[in-house]
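One-letter residues, chain by chain:
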Amino acid sequence: MHGTASTAAWVGVARRALRTLMPLLVTALAAACALPAAPAALAASGEEEAPPPTGIHKIQHVVMIMQENRSFDSYFGTYPGADGIPAGVCIPDELHPSTCAAPYHNPEQRNKGALHNVNAAAGVLNEGAWIREAQKGCTAKTPRCFPCDEKRTHECIDVMGYHDAREIPNYWRYAENYALDDHLFAASAGQSLPAHLYAVSGWSAVCKKTRCVTSLGPNKPKDAEYTWTDLTYLLHRFGVSWRYYIFEGREPDCDSSEELECVPPKKLSATTNGIWNPLHAFTDVMEDDQLSNIQSIEHFYEAAHQAPECGLPNVSWVIPNFLVSEHPNDKRLGGTIAQGQAYVTSVINSIMRSPCWGSTAIFLSWDDWGGFYDHVTPPHIDEGGLGIRVPGLVISPYAKTGVIDHQTLSHDSYLRFIEDDFLGGQRLDPKTDGRPDDRPDVREDQVGSIAEDFDFAQEPRAPLILSPNPPPGPASNAP
């Protein structure tokens, strides 16, 4: 009797469970029937399997790694074949009129840099006043106001210093084996805030009520809302996956464009507004319910190694914290160039060791020039920029080998590549993208196509795994 009652009870439970699950099973079955047929089923039915992607569409994952505050000449000014530091350069020192400052090799792992806001950019570009801009607030008797040279690298102005394979061997190895862009300009002539706004939206503005206007100067208010359209709006609309990965910790820079060091340090996280987390303040990201796509970098490493297939989204931004950003800093607070290179190498190695490598393009660049000397005057395309030249590397199994691309590019070129690859060429254009805003122009087609750095007809190349802590490379030829 006990066994019979128990059996009846379990039968009742089973029937109730079946009634609960039946609608779900029907829905799942309907969805399965709607899915494209598997290759075997296609073969049996006589239908052809979808052809593999061709051309630019061989890239299914774009990863943009954005580091901090280095001019092209400060990292690749002596790289063989690049448009590097000209011979005989010597910048006037207005505080010490009998001297001038020449480029010199700087072995220091920590650099000072200089102010790099829109006013500083105007000073160095219009008058060549690299030393004067770095000397602001100095007097002739202040040691910090003397330009550094080969023999003096402490407590002096280091904006004329450059590094080479002795300090950044991995970056030079990537250039030797993949593509180096030697005319890639920061998207804006301002500091980090506009640089990171351009990196996600192709514009930097301030908005009051329903009106936005181009701006490179104002600091980010705590309650900022960016109401113009960023790239994630189009990605979401086209069903293209994206993530914005942040190495949580301390912010790489100050909210104020008039500071080089921020005391106390400001927190950088995936859940708070910040200069390096601008998507958190874009209204379209909130309206599309996409804030959860802003994540800590641990999720990047997990996604890359999600076997057996790549788990990375189609589009990724990868943002550092202060210790690994390569941002010029006071030695008491910040990290070293080597720490930054090690972090970048670990990110690239993680992709190369994963199922993602065969379909990935990595764009490695630096957000602005950081006050460091660069000899190339950027082209003017609109009131926002372009800014001073920064390093750019393209790393992919389809990247050309050891090529130096001389065409005019900017971080807008990364957006253009993504739009051509995933969005059928749709631009961030208020006339056609379905979300009008006040931007004055469409920038993506005003710069070169970084797709020229690829050869999609070549056999995909094996990864180049580098040590995050390599020995110094050989010395380069000084200018």
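Structure report, in brief. In this text, all values refer to a predicted model and were calculated from it rather than measured experimentally. (Residues numbered from 1 in each chain as written. Predicted model: local features only at pLDDT ≥ 70, side-chain atom pairs only at ≥ 80, totals over all residues. Heavy atoms only, no water.)

**Re the side chain of Thr345**
Along the chain, the position of Thr345 falls in helix α11 (residues 337-352). The class for Thr345 is buried, based on a relative accessible area of 0%. Within polar-contact distance, the side chain of Thr345 engages the side chain of Asn170 at 2.9 Å. Those residues in contact with Thr345 that sit more than four places away from it in its chain are Asn170, Tyr174, Leu466, Ser467 and Pro468. (Helix = DSSP H or I, 4+ residues; strand = E, 2+ residues; numbered from the N terminus. Buried < 20%, exposed > 50% of the residue type's maximum accessible area, 1.4 Å probe, protein only. Polar contact = N/O pair within 3.5 Å; in protein donor to acceptor, adjacent residues only side chain to side chain. Contact = heavy atoms within 4.5 Å.)

**Examining the packing of aromatic side chains**
Any two aromatic rings considered together are summarised by their centre-to-centre distance and by the angle between their planes. This model, assessed by the stated rule, comprises 24 aromatic pairs. Relative to Trp366, the ring of Tyr75 has its centre 5.6 Å away and its plane inclined at 85°; by these criteria the two rings are edge-to-face. Within this pair, whereas Tyr75 is found in helix α3 (residues 72-76), its partner Trp366 is found in strand β15 (residues 360-366), the two being separated by 291 residues in sequence. Given the relative accessible area of 0%, Tyr75 is considered buried. Residue classification places Trp366 among the buried residues on the basis of a relative accessible area of 0%. (Phe/Tyr/Trp six-rings, centres within 6.5 Å; stacked < 30°, edge-to-face > 60°.)

**Let's talk about the state of the cysteines**
The term disulfide refers to a covalent linkage connecting the sulfur atoms of a pair of cysteines. Considering all chains together, one arrives at five disulfides under this definition. Bridging Cys90 to Cys100, the disulfide has an S-S length of 1.8 Å. Judged by the torsion about the S-S bond (90°), the Cys90/Cys100 disulfide is right-handed. Residue Cys90 is located in the loop between α3 and β2 (91-92), and its partner Cys100 is located in strand β3 (residues 100-101); the two are separated by ten residues in the primary sequence. What makes Cys100 partly exposed here is its relative accessible area of 41%. Between the sulfur atoms of Cys310 and its disulfide partner Cys356 the distance amounts to 2.0 Å. With the S-S bond torsion at 90°, the cross-link from Cys310 to Cys356 turns out right-handed. Separated by 46 residues along the polypeptide, Cys310 in the loop between α10 (297-304) and β14 (315-319) and Cys356 in the loop between α11 and β15 bring together distant segments of the chain. The residues Cys310 and Cys356 share a single accessibility class, namely buried. (Disulfide = S-S within 2.5 Å.)

**Considering the pairing of strand β10 (residues 242-246)**
Of all the five residues making up β10, four are buried; the element is thus mostly covered by neighbouring parts of the structure. Alignment of β10 against β14, held across five bridges, turns out to be parallel. Of the residues in β14, the one forming a bridge with Arg243 is Ser316. In terms of strand pairing, β10 meets strand β13 (residues 294-296) through three bridges, oriented parallel. Paired with Tyr244 across the strands is Ile294, a residue of β13. (Pairing = 2+ DSSP bridges.)

**Some thoughts on the pairing of β14**
Among the five residues in β14, five count as buried, and that is most of the element. Burial along β14 is two-sided: Val315, Trp317 and Ile319 and Ser316 and Val318, pointing in opposite directions, are all buried. Direction of pairing for strand β1 (residues 61-67) relative to β14: parallel, over a ladder of four bridges. Of the residues in β14, the one forming a bridge with Val63 is Ser316.

**Observations regarding the packing of α10 against α11**
Contact geometry for α10 and α11: axes closest at 9 Å, N-to-C directions at 30°. Comparing the axis directions of α10 and α11 gives the class roughly parallel. Crossing of α10 against α11: the hand is left-handed. Facing α10, whose interface residues are Ile297, Phe300, Tyr301 and Ala304, α11 presents Tyr343, Ser346, Val347, Ser350 and Ile351. (Axes fitted to C-alpha atoms, helices over the stretch in contact; angles between N-to-C directions. Parallel < 35°, antiparallel > 145°, perpendicular 65-115°, else oblique. Left-handed = near helix turned anticlockwise from the far one by under 90°.)

**Details of the sheet that holds β13**
The strand order across the open sheet built from eight strands is β13-β10-β14-β1-β15-β16-β6-β17, with neighbouring strands paired in mixed fashion. With partners counted over all chains shown, the strands left at the sheet margins are β13 and β17 (403-405), one partner each. Across the sheet, the mean angle from the axis of one strand to that of its neighbour is 20°, orientation sign disregarded. Relative to β15, β1 is paired through seven bridges, and the arrangement is parallel. From the neighbouring strand, Val63 faces β15, where its bridge partner is Ile362. The sheet contacts of α10 involve β1, β10, β13 and β14, and relative to β13 the element is tilted by about 85°. Running over the sheet, α11 touches β1, β14, β15 and β16 (392-395) and is turned about 175° from β1.

**Side note on the pattern of salt bridges**
This model, assessed by the stated rule, comprises 16 salt bridges. Taking the shortest distance from any N to any O, the salt bridge between Arg132 and Glu94 comes out at 3.6 Å. Linking Arg132 in helix α5 (residues 130-134) with Glu94 in the loop between β2 and β3, this pair joins segments that are 38 residues apart in sequence. Look at Glu94 and you get partly exposed, because its relative accessible area is 49%. The partner of Arg435 in a salt bridge is Glu287, with the nearest N and O atoms 3.7 Å apart. Of the two residues, Arg435 is situated in the segment after α12 (412-422) and Glu287 in helix α9 (residues 283-287); the sequence distance between them amounts to 148 residues. For Glu287, a relative accessible area of 58% translates into the label exposed. By sharing partners, the salt bridges in this structure join Arg416, Glu419, Asp420, Arg427 and Asp445 into a single network. (Salt bridge = Lys/Arg side-chain N within 4 Å of Asp/Glu carboxyl O.)

**Digging into the nonpolar core**
In this structure, Phe76, Leu312, Trp317 and Phe363 are the most contacted members of the largest nonpolar core, which totals 121 residues. When residues in this core are grouped by element, the largest group, seven residues, is from α11. Phe185, Val376, Ile381 and Leu386 belong to the second-largest nonpolar core, a separate cluster that totals five residues. (Core = buried A, V, L, I, M, F, W, Y, C linked by side-chain atoms within 4.5 Å.)

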